[in-house]
Amino acid sequence: MDLQNPRLRQRGRASLDFLALLGKQSGLVREQVARDLDAAGVTAKTLPADIEAAEAVIETALAGSQAYAVQNLLGDWHGRSHGPISAAAFAEILPELQPVLAATLSGPASLTLDPAMPRPDYWDGVEFHRTSGGWDGHPHMGYVHGELIHKKMVDRIFPGGIFGQRRKVAAMAPRDAYRRILDMGCSSGHFTTALQENYPAAAITGIDLSARMLEHALRTANANGWAWQLHQMNAEHTSFADASFDLVTSYIVFHEAPAAAIANIIAEAFRVLEPGGDMLMSDVTRYADLDPVSRWKADRGAALGGEPHWRESASLDFKAMAEAAGFVDVRAEGLYPHVLIGRKPAQ
């Protein structure tokens, strides 16, 4: 059994195929909802700029739309069901996979867990993506999300694939090579893998709040012979010394935290960067870059998808926040992902 390309049983494979297909075909329903909005005379030009006010207008306009009722039903079912369905597919292959899971705990990578680490209130017990029990709610949540949900479902729904997006963003760092990279919120290691592929000579460190996600990042690194150093830490307040890294990154992490935590993460990135070091971070589309209809679509999708901090983070000006933390040559660009690049001034 291959750790990163498992051979699913028939039921599990068919179930994940169905989830992926449902995600793709629901686009046809969304197209009908858009036509129903047009028929009701609701457009980006007629909607108020305020999110709550725009939502009230749209909900009234779609009160009789069968397509909108179906969209909500599908979104709610998909949000509730993708986790348990994926966990069941994992349980089917666990007996055969167990030796591989055990073997890949050892290798060139290292993992330091901190059971006493204070869990921030905005994260502890929160079921992001409507994941039962949160990121540590399953003994192998890192594998279930990293290898099944993301690779067997989400990657097939996203145009161009989410892993292609990660590689593209990793390549956007200003330099061609780095010596010491910190990946904040590394989760199960998907963006960390993109960093490894782009900067193979760098010593890479990953941190995350979730022990289960970090455990799978460890297995991923060991299976590939990568010497990542992984730590269970809060990115707001790490224990690394000043000037420990020449590149600090995060990928689609901000929207899982409130504004104050995001400001702390950016400030911590500045502290641990050496003078002249670079920051490369990204997140979901900013609401300021969307028209009122598109903003409502993103906001509604976040609510159905279990994203409690999406609206707050998507309403922020990351460029201004980075400059306030001390970064220079700051750029913030792109829709999805919205990429933030800055440099710590050289002394």
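Residues numbered from 1 in each chain as written. Predicted model: local features only at pLDDT ≥ 70, side-chain atom pairs only at ≥ 80, totals over all residues. Heavy atoms only, no water.

Looking at this model, I keep getting lost on the packing of aromatic side chains. Mind explaining?
With the rule as written, the count across this model stands at 10 aromatic pairs. Between Phe90 and Tyr143, the aromatic rings sit 5.5 Å apart at their centres with planes inclined by 45 degrees, giving tilted as the arrangement. Of the two residues, Phe90 sits in helix α3 (residues 66-103) while Tyr143 sits in helix α4 (residues 141-157), which places them 53 residues apart along the sequence. The pair formed by Phe90 and Tyr143 is uniform in burial state, with each residue classed as buried. Here the aromatic rings of Trp226 and Trp228 are separated by 5.4 Å at their centres, their planes lie at 25 degrees, and the arrangement is stacked. Against the face of Phe163 rests Arg166, its NZ or CZ located 5.6 Å from the ring centre. The lysine or arginine in question, Lys344, covers the ring of Phe270, its NZ or CZ lying 4.9 Å from the ring centre. (Phe/Tyr/Trp six-rings, centres within 6.5 Å; stacked < 30°, edge-to-face > 60°. Helix = DSSP H or I, 4+ residues; strand = E, 2+ residues; numbered from the N terminus. Buried < 20%, exposed > 50% of the residue type's maximum accessible area, 1.4 Å probe, protein only. Lys NZ or Arg CZ within 6 Å of the ring centre and 35° of its normal.)

Mind showing me how you'd approach the packing of α4 against helix α7 (residues 211-224) here?
Describing two packed helices takes the angle between their axes plus the distance from one axis to the other. Their axes nearest at 7 Å, the elements α4 and α7 cross at an angle of 60 degrees. Here α7 runs oblique to α4, going by the angle between their axes. For the crossing formed where α4 meets α7, the hand is right-handed. Mapping the contact onto sequence places Met141, Gly142, Tyr143, His145 and Glu147 in α4 and Arg212, Met213, His216 and Thr220 in α7. When grouped by side-chain class, the residues that make up the contact of α4 with α7 number three nonpolar, four polar and two charged. (Axes fitted to C-alpha atoms, helices over the stretch in contact; angles between N-to-C directions. Parallel < 35°, antiparallel > 145°, perpendicular 65-115°, else oblique. Left-handed = near helix turned anticlockwise from the far one by under 90°. Contact = heavy atoms within 4.5 Å. Nonpolar A, V, L, I, M, F, W, Y, C, P; charged D, E, K, R; others polar.)

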